[in-house]
Amino acid sequence: MRFLKLPRSLRQLSTYVLAIALGVLLTVSTLQVLPSQAEPAPLVTAGDNSQLIAQRQSPTTAAIGSTSFVTAAVNRVGAAVVRIDTERTITRRVDPFMEDPFFRRFFGEGLPQQIPSEQLRGVGSGFILDKSGLVLTNAHVVDKADKVTVRLKDGRTFEGKVQGIDEVTDLAVVKINAGNDLPVAPLGSSSNVQVGDWAIAVGNPLGFDNTVTLGIVSTLKRSSAQVGISDKRLDFIQTDAAINPGNSGGPLLNGQGEVIGINTAIRPDAMGIGFAIPIDKAKAIATQLQRDGKVAHPYLGVQMLTLTPELARQNNTDPNSPIQIPEINGVFVMRVVPNSPAASAGVRRGDIILQVDGKAITSAEQLQNIVEDSRLGQVLQVKVQRGNQTQQFSVRTAELQNAS
């Protein structure tokens, strides 16, 4: 009651003093309960044993870090990535008009006397496989080159000798003589790669040396036919890591800095999509190229198309279609190459391949893989549907002489 009788100004002052006192009291109590963040974590005692409570790092702090996983991955392989410069002299045909003696007399010595030639230069990438100086790259980087120069990241340059080229898988092996102190790229396994994994492309795109781009693996086993490269036999790793001209032959890395693929293909009509040859396939091809200088690929000799009931139905409902196709799953033979194993066995255009060695065939890619995995000279039992009848042919594979 006495408090209420005090003057108004004194009552307000008393209220402020009381609030300040309570604030100080709460602050002191909090400091006695909570440790300072600068202090080490407290020890928790349980019986006679003491444990240190680990302070957890926030996800943001862990992600930022002083060194990213990309930096660590690139540092692990970067010194083994090389630049490949090529030179090639091409001779252009002279117009027969220029060789006619009448026109030479008429126009005089102003006409060219010699066949014109042109010097073409190219830039690609590659990486060192072992300390002896074996370099793996794309076939199209060094194919038909008169001179190959390999430049290391430390600035050293060496003349490269092409030991083997395989156009079907677009792989090549180049040898340099640089002693035994070369850095070597660590190889991973493409069989362990999953969609969504990190993908790091390293190379020399557009001539810009030692360039790194980052993305993810967007899909696996993208066939060369789907990519639009019908003369290759490959199932690519697809990535959204930026791949540009000059990246060809360079490594595609996983998050640990291991090579999982060889950057090789670019779709000009697709934004941010690139393709790489799986390293497991490349390792097998590189071994054969080093030993034999080439790789023998078996073939049947058919141009084919995956057939589904829906595609057959669309064809059959078209009044302009020249043939009616059974509405089934299989591989439609669009053309048989003359003098090929398929032609010799009796396979015809319009046949639908249903089985190979008793295994059902549902896509052209599946048939191509079966043939690729077969041996040269192996006899494959091919079951086809021709009209309303089924027939079986024994087709002996032969060596593919020209990828085109």
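All values derive from a computational prediction rather than experimental measurement. (Residues numbered from 1 in each chain as written. Predicted model: local features only at pLDDT ≥ 70, side-chain atom pairs only at ≥ 80, totals over all residues. Heavy atoms only, no water.)

### Thoughts on the pattern of salt bridges
Counted under the stated rule, the structure contains twelve salt bridges. As a salt-bridge pair, Asp143 and Lys144 come within 3.2 Å of each other at their nearest N and O atoms. Take Asp143: its relative accessible area is 26%, and that puts it in the partly exposed class. We note a salt bridge from Asp181 to Arg156, for which the minimum N-O separation is 3.8 Å. With Asp181 in the loop between β8 (171–175) and β9 (198–203) and Arg156 in the loop between β6 (147–151) and β7 (157–166), this residue pair connects regions lying 25 residues apart in the sequence. (Salt bridge = Lys/Arg side-chain N within 4 Å of Asp/Glu carboxyl O. Buried < 20%, exposed > 50% of the residue type's maximum accessible area, 1.4 Å probe, protein only. Helix = DSSP H or I, 4+ residues; strand = E, 2+ residues; numbered from the N terminus.)

### Observations concerning the pairing of strand β20 (residues 379–386)
Note: strand β18 (residues 352–356) against β20, four bridges, orientation antiparallel. Bridge pairing in β20 links Gln355 to Lys383. Across eight bridges, the pairing between β20 and strand β21 (residues 389–396) is antiparallel. The residue of β21 that forms the bridge with Val379 is Arg396. Here β20 folds back onto β21, and the loop between the two strands holds two residues, one of which, Gly387, carries a positive phi near 70°. (Pairing = 2+ DSSP bridges.)

### Looking at the confidence of the model for the chain
Taken residue by residue, the chain gives an average pLDDT of 81. The fraction at 70 or more is 76%. Across residues 1–6, confidence stays below pLDDT 50; counting only partners more than four residues off in sequence or on other chains, it has four contacts. Confidence over residues 15–64 falls short of pLDDT 50; this stretch has 14 contacts with residues more than four positions distant or in other chains. (pLDDT = per-residue confidence, 0-100. Contact = heavy atoms within 4.5 Å.)

### Side note on the environment of Leu300
Summarising the element assignment, Leu300 is placed in the loop between β15 (298–299) and β16 (302–307). In this structure Leu300 comes out as buried when scored by relative accessible area, which is 8%. Taking the C-alpha atoms as reference points, Leu300 and Ser344, separated by 44 residues in sequence, lie 9.8 Å from one another.

### A short note on the pairing of strand β11 (residues 235–239)
Burial analysis of β11 places four of its five residues in the buried class, the great majority of the element. Sheet analysis places strand β10 (residues 211–223) next to β11, joined by four bridges and oriented antiparallel. Along β11, the bridge assignment pairs Val217 with Thr239. Of the pairings in the sheet, the one linking β11 to strand β14 (residues 274–278) comprises three bridges and is antiparallel in character. When the sheet's bridge partners are listed, Gln238 is paired in β14 with Phe275.

### What to know about helix α9 (residues 279–292)
Across its 14 residues, α9 extends 20 Å between first and last C-alpha, which sits within 8% of the 20 Å expected from 1.5 Å per residue. Among the residues of α9, those classed as buried are Ile279, Ala282, Ile285, Ala286 and Leu289. All buried residues of α9 lie within an arc of 120° about the axis, which places them on one face of the element. Those residues of α9 that are buried lie in contact with β4 (117–128), β5 (134–137), β7, β8, β13 (259–266) and β14. Looking at the residues trailing α9, positive phi occurs at Gly293, about 85°. (Expected span 1.5 Å × (residues − 1). Arc of directions from axis to C-beta.)

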